[in-house]
Amino acid sequence: MSIDVAAANAVLAGLRPFPVAVTSVDGDFVNGLMSLSAGAASIVPELPRATVSLTKYNRTHDMLVNSGVFAMHMLSAGEDEIDKSLEILMTLGGSSGRDGDKISKLRTKRGVTGAPILLDAHSYVECRITGSLDNEENTIFVGDVVAAEVFSSAKRLQIGPAWAKLPPEWIERYEANHEPQLQHARDLRAAAARQS
Ligand SMILES: Cc1cc2nc3c(=O)[nH]c(=O)nc-3n(C[C@H](O)[C@H](O)[C@H](O)COP(=O)(O)O)c2cc1C
């Protein structure tokens, strides 16, 4: 099958502009990552659901599989709050929980599911997973919202303005760390293609 990859990526780029911080708990270990895959997943307003897609390379992925719970936080674009938002983004998105604790660097409380709630986030929903879809290199999780809070009245941070404020050294490190993740995804996709 031959596709116009540039056209496909032009259609798909930027569909989900809000970076979210996804946290979870597995036994005694709490952790989290950044994601640009979050969405609402129910048309029933009184029964809200959320969805997020995590790459299998990431430790948080396995924590959602094992625990069945996650918290998904929006970040704030507010003038007095954006520095904390960037700190969350850089802390959770810049390294892996495989290499050590990230969460204790951030202000948290324990949520009703046991997942850590980031107190400097804009807002959050906490979810119990109702279903998941395995796609070789990632899993799309859907969960019932079991708790929610809004901490800030400011606008929610979008990735464009956030990226423009990140230090170039952090972006360079992030891009280097992203390479093995990308290769792992390609390897899993190739292995699945060989089996089919
Ligand atoms: C803006 C941004 C968006 C990201 N989106 C995703 C995503 O949708 N899914 C995912 O699995 N990782 C995503 N990542 C990568 C993870 O946040 C990153 O690999 C993290 O270090 C994984 O940590 P962990 O191994 O502790 O789970 C994103 C990172 C950034 C900075």
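Look above for the structure.
No experiment lies behind these values; they were computed from the predicted model shown.

As for the pattern of salt bridges
Opposite charge on two side chains lets them pair, provided their charged atoms get close. Taken as a whole, this structure holds 7 salt bridges when the rule is applied. A salt bridge links Lys56 to Asp134, with the shortest nitrogen-to-oxygen separation between them at 2.8 Å. You can see Lys56 sitting in the loop between strand S4 (49-55) and helix H2 (59-67) and its partner Asp134 sitting in strand S8 (residues 123-135), a full 78 residues away along the chain. Judged by relative accessible area, which is 23%, Lys56 ranks as partly exposed. As a salt-bridge pair, Glu87 and Lys84 come within 3.7 Å of each other at their nearest N and O atoms. Pair noted here: Glu87 and Lys84 are both in helix H3 (residues 82-93), with a separation of 3 residues, about one helical turn. Among the charged side chains, a network of salt bridges with common partners joins Glu136, Glu137 and Arg189.

Examining the site of the ligand
Among the 24 residues in the neighbourhood of the ligand, the closest are listed as Thr55, Thr60, Ser95, Ser96 and Gly97. The backbone of Arg59 places a nitrogen or oxygen atom 2.9 Å from an oxygen atom of the ligand. Contact with the protein chains removes 91% of the 650 Å² of surface that the ligand exposes when unbound. Secondary structure elements with two or more residues in the shell around the ligand: strand S2 (29-35), S4, H2, H3 and helix H5 (168-195).

Conventions we followed
- Residues numbered from 1 in each chain as written.
- Predicted model: local features only at pLDDT ≥ 70, side-chain atom pairs only at ≥ 80, totals over all residues.
- Heavy atoms only, no water.
- Salt bridge = Lys/Arg side-chain N within 4 Å of Asp/Glu carboxyl O.
- Helix = DSSP H or I, 4+ residues; strand = E, 2+ residues; numbered from the N terminus.
- Buried < 20%, exposed > 50% of the residue type's maximum accessible area, 1.4 Å probe, protein only.
- Near = heavy atom within 4 Å.
- Polar contact = N/O pair within 3.5 Å; in protein donor to acceptor, adjacent residues only side chain to side chain.
- Areas by Shrake-Rupley, 256 points an atom, 1.4 Å probe, with all protein chains shown as cover.

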